[in-house]
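# Summary of structural features
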Amino acid sequence: GKTYEHLLVSSPKPGVGFIQLNRPKALNALFTPLILELNSALRDFQADKSISAIVLTGSEKAFAAGADIKEMKDLTFSHAYGSDFIESWSDLVTFLKKPLITAINGYALGGGCELAMMGDILYCSSKAVFGQPEVKLGVIPGAGGSQRLPKAIGKSRAMDAILTGDNITAKQAGEWGLVAKVFETPEECVNGALATAEKIARYSQIAVKAAKEVVNKSQDLGIREGVEFERRVFHGLFGSQDQKIGMKAFAEKQKPSWTNE
Ligand code: CO8
C-alpha cells in the first residue's frame, strides 16, 4: 500500500484496518498534511472490500493534542472563511460507512477530542485525558466538539468542560458514557479495539453497514422519524442474501458464511 509521513497504516487482523497517528514530536497535533493523509487512508479502507472495520489510535502519550496551534496562529478571518478552514477535516469521517473505533490513550484535546468523538465506538485507557481547551486560546471548538460533546455527556457537563477548558478524566469519560470502555493500559485499549473490530468484521458487511446507518440517524432525527427510518432499512434487509444465510444457519444450527450481498 501507500506510505505516509504522519501515519502508520496496516491491517493487523482479518478484515481490520488500523491507522496510527504518527507525529510524535508534536503530540500528534493535527495539521493539514496529517489530515490530508488521514482522509486518504480512511478513503482507501472505505474502498477496500476486504476491510470491514477500522481502528484509529495515536501514541501512548497523545491521541492528538489538538489542531496545530502554530499552523493556526496567524490565520485570518478572510482566509479561514474563504478557504472553509476545517471543513475538509470536520467531515473527515462522515463519508465513512464502515465502523470506526477510536482507541484513545493520553491527550485528546481540542481537535483531538473532536476527532476521537468522530469514532462510532470510543475506547480509552485509564490515563487518557479529554478536553476542549479552545476557550483558553481565544476560540471555540471548530470540528464538532460543541455538538458531539453535549450529545455524548449532556449539556451541563459539556458546558462545564467547554466554558472552563478543564480536562475530563478517563474515569469521568467512562462514567458519563463518552467512551464505551476504559481499559487499564494503552496496550489493552488498542488490543481491545482491534478485537472488537475483528468481531464486527466477522458479520455481514451489509448488516453492519445498515446498523451503523440507523444508529447514526438517531443523532439527527426525532424518535418517531428515526423508528420509521429503522423499519424501512430493516425491511430492506430481507432483500439481502445474508439475511437468508444468517437465519437459515440459525435454524439449521450451522455457522453462517456471509456473502456480503
Ligand atoms: N499544536 C501545536 N503544537 C503542539 C500542540 C498543538 N495543539 N500540542 C503540543 N504541541 C507541541 C508543543 O508545542 C511541543 O513542541 P516543541 O517541543 O517544539 O516545543 C510538543 O508538542 C510537546 O508538547 P509539550 O512540551 O507542551 O508537552 P507537555 O507534556 O508539557 O504538555 C499538553 C502536553 C498539555 C498536551 C500541551 O502540549 C498542550 O497544552 N497542548 C495544547 C493543547 C490544546 O490547547 N489543544 C487545543 C488546540 S485548539 C484546537 O484544537 C481547535 C480545534 C478547532 C477545530 C479543528 C481545527 C483544525
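Residues numbered from 1 in each chain as written. Predicted model: local features only at pLDDT ≥ 70, side-chain atom pairs only at ≥ 80, totals over all residues. Heavy atoms only, no water.

## Section: the sheet that holds strand β6 (residues 107-109)
- Across the sheet, which stays open at both edges, the 4 strands sit in the order β4-β6-β8-β9 with mixed pairing between neighbours. Taken across any chain shown, the strands that pair with only one partner, and hence form the sheet edges, are β4 (62-64) and β9 (168-169).
- Sheet analysis places β6 next to strand β8 (residues 129-131), joined by 3 bridges and oriented parallel. Across the sheet, A108 pairs through a bridge with F130, a residue of β8. (Pairing = 2+ DSSP bridges. Helix = DSSP H or I, 4+ residues; strand = E, 2+ residues; numbered from the N terminus.)

## A few points about the pairing of strand β1 (residues 7-13)
- As defined by bridge partners, β1 adjoins strand β2 (residues 16-21) across 5 bridges and the pair is classed as antiparallel. Of the residues in β2, the one forming a bridge with K13 is V16.
- Where β1 folds back onto β2 in an antiparallel hairpin, the turn is made up of 2 residues, including G15, whose phi is positive at roughly 80°.

## Points about the packing of aromatic side chains
- Inspection of every chain in the model, using the stated rule, returns 3 aromatic pairs.
- Between the aromatic rings of F77 and Y81, the centroid separation amounts to 5.3 Å while the plane-to-plane angle is 10°, which identifies the pairing as stacked. Here F77 pairs with Y81, and both are found in helix α3 (residues 77-82), just 4 residues apart, close to one helical turn.
- Judged by relative accessible area, which is 64%, F77 ranks as exposed.
- Note that R23 overlies the ring of F31, its terminal NZ or CZ placed 3.5 Å from the centroid. (Phe/Tyr/Trp six-rings, centres within 6.5 Å; stacked < 30°, edge-to-face > 60°. Buried < 20%, exposed > 50% of the residue type's maximum accessible area, 1.4 Å probe, protein only. Lys NZ or Arg CZ within 6 Å of the ring centre and 35° of its normal.)

## Overview of the packing of helix α10 (residues 205-217) against helix α11 (residues 223-236)
- Where α10 contacts α11, the two axes come as close as 9 Å, and the packing angle between them is 170°. Of the possible angle classes, the one that applies to α10 and α11 is roughly antiparallel. Contact residues: α10 offers A210, E213, V214 and K217, while α11 offers F229, E230 and V233. (Axes fitted to C-alpha atoms, helices over the stretch in contact; angles between N-to-C directions. Parallel < 35°, antiparallel > 145°, perpendicular 65-115°, else oblique. Contact = heavy atoms within 4.5 Å.)

## As for the packing of helix α6 (residues 145-153) against helix α7 (residues 155-164)
- Direction vectors running N to C along α6 and α7 enclose 135°, while the axes themselves pass 7 Å from each other. Relative to α7, the element α6 is oriented oblique. Pair α6 / α7 crosses with right-handed handedness. When α6 is examined against α7, the residues G145, S146, L149, P150 and I153 are found in contact with a partner set consisting of K155, R157, A158, A161 and I162.
- Residues that form the contact of α6 with α7 fall into these classes: 6 nonpolar, 2 polar and 2 charged. (Left-handed = near helix turned anticlockwise from the far one by under 90°. Nonpolar A, V, L, I, M, F, W, Y, C, P; charged D, E, K, R; others polar.)

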